[in-house]
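Given next are the chains, with one letter for each unit.
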Amino acid sequence: MAEPDPSDPLETQAGKVQEAQDSDSDTEEGAAGGEAEMDFLRNFFSQTLGLGTQKERLLDNLTLEGVAHYMLSERCRRVICLVGAGISTSAGIPDFRSPSTGLYANLQKYHLPYPEAIFEIGYFKKHPEPFFALAKELYPGQFKPTVCHYFIRLLKEKGLLLRCYTQNIDTLERVAGLEPEDLVEAHGTFHTSHCVSPLCRQEYPLSWMKEKIFSEVTPKCEKCQSVVKPDIVFFGENLPPRFFSCIQSDFLKVDLLIIMGTSLQVQPFASLIGKAPLSTPRLLINKEKTGQTDPFLGMMMGLGGGMDFDSKKAYRDVAWLGDCDQGCLALADLLGWKKELEDLVRKEHASIDAQSGSRSPNPTTAAAPRKSSPPPKEEARTTEGEKPQKP
């Protein structure tokens, strides 16, 4: 009998336990089944509350220097990056929540009932025009990956990157040189599009969608005339199956989490910080501290363990506050990789400029051509069977 996933909400855990017990009562091995469930419950509370577990401290100190020293050791071989909109803002793409410059603060001209409606699947099916107008506005075709994107690529080249989980739909991770296998695009991508009709689901390539967006024609399916939507995850839609399949194996073996440019307010992505082993160090590079969920509340809501930067019990979480690009440069400097990172950014940006026939005044922050896609990023969506949690 398969044991329930310890990352499931407590109600789900209880339901699975009850189902297992009902099944066992119909067999001669009910007692053995009950013992197995007790073992599961012991393991569940042990992992969630830290009861009876060894929280090994792997960092010399809870600073960026401590993280760098750990990364250079033999203990750190597999790094997972969790990234959001903040790693792309220096490329010229707005985030969602900044008071004056964020996406949600600048949607008045679309006359929406509320800002989030532009990314709600129900609203989109009835009124797709605002979304496609926004897509054109945010799709000038000239965005370069940032220092953060190339730092992740450097992790890959050093053999340290296990996976990059991104909330962004701008595809700049791909432009920076990450392969599909390196990525979990948790909130989808503009790389492909599909007809929204469940009876059709005709697929269309990026080139087809781009032509429609720039001709200001609402994309309609050539087979059934239903609206065609890019394969990004709207509020009210399930996350890609790859998201759920990868976390089952990735987080069992991760040695370090690097979280960058995300508010950690959108589920289920935000819960990923609680899926790593209890001893795994976690580095946050962000403008402000986030992810500090109350441990017991997190357990009750199935969100995993929150981050602890400041208490006397803190032992594995480090926060570097500021611009994400500068944080990556600071970490690269401590690792002895700074020149290599700067050279990589210069070389790649020059290559992009050569392909587009343009020059950028600031190779570390300006925007450049996208190989695969457009607009906003972070945020979204919902797990299977759950209602979306709005940012």
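Everything that follows concerns the structure shown earlier in this document.
Residues numbered from 1 in each chain as written. Predicted model: local features only at pLDDT ≥ 70, side-chain atom pairs only at ≥ 80, totals over all residues. Heavy atoms only, no water.

> How should I be thinking about the sheet that holds strand β1 (residues 79-83) in this particular structure?
Each strand in a sheet pairs with another by means of backbone hydrogen bonds, the pair being arranged parallel or else antiparallel. The strand order across the open sheet built from 6 strands is β3-β2-β1-β7-β8-β9, with neighbouring strands paired in parallel fashion. A strand with exactly one partner marks an edge of an open sheet, and here the two such strands are β3 (183-185) and β9 (317-321). The sheet shows a mean angle of 15 degrees between the axes of neighbouring strands, direction not considered. As paired strands, strand β2 (residues 161-166) and β3 are joined by 3 bridges and run parallel to one another. (Pairing = 2+ DSSP bridges. Helix = DSSP H or I, 4+ residues; strand = E, 2+ residues; numbered from the N terminus. Axes fitted to C-alpha atoms, helices over the stretch in contact; angles between N-to-C directions.)

> In this structure, what is going on with the pattern of salt bridges? I would like to understand it.
Two side chains with opposite charge may pair up if their charged atoms get near one another. All told, the structure shown has 17 salt bridges when counted by the stated rule. A salt bridge links lysine 144 to aspartate 353, with the shortest nitrogen-to-oxygen separation between them at 2.9 Å. Taken together, the positions of lysine 144 in the loop between α5 (129-137) and α6 (147-157) and aspartate 353 in helix α12 (residues 338-356) put the pair 209 residues apart, joining distant regions of the chain. Classification of aspartate 353 by relative accessible area gives buried; the value is 10%. One salt bridge connects aspartate 310 with lysine 289, and the closest N-O pair in it is separated by 2.9 Å. Placement of the pair is aspartate 310 in the loop between α10 (295-301) and β9 and lysine 289 in the loop between β8 (282-286) and α10, with a sequence separation of 21 residues. Under the relative-accessibility criterion, aspartate 310 is labelled exposed at 54%. Under the relative-accessibility criterion, lysine 289 is labelled partly exposed at 33%. (Salt bridge = Lys/Arg side-chain N within 4 Å of Asp/Glu carboxyl O. Buried < 20%, exposed > 50% of the residue type's maximum accessible area, 1.4 Å probe, protein only.)

> Where do I start with the sheet that holds strand β6 (residues 228-232) in this structure?
Pairing is antiparallel in the open sheet, where 3 strands are placed in the order β5-β4-β6. Here the strands that pair on one side only, and so sit at the sheet edges, are β5 (203-205) and β6. Each adjacent strand pair in this sheet contributes to an overall mean axis angle of 40 degrees, direction not counted. Where strand β4 (residues 188-195) lies against β5, 3 bridges are found, and the strand directions are antiparallel. Counterpart to histidine 194 in the pairing with β5 is glutamate 203. Each of β4, β5 and β6 is contacted by helix α8 (residues 206-214), which is oriented at about 80 degrees to β5, the strand it contacts most. (Contact = heavy atoms within 4.5 Å.)

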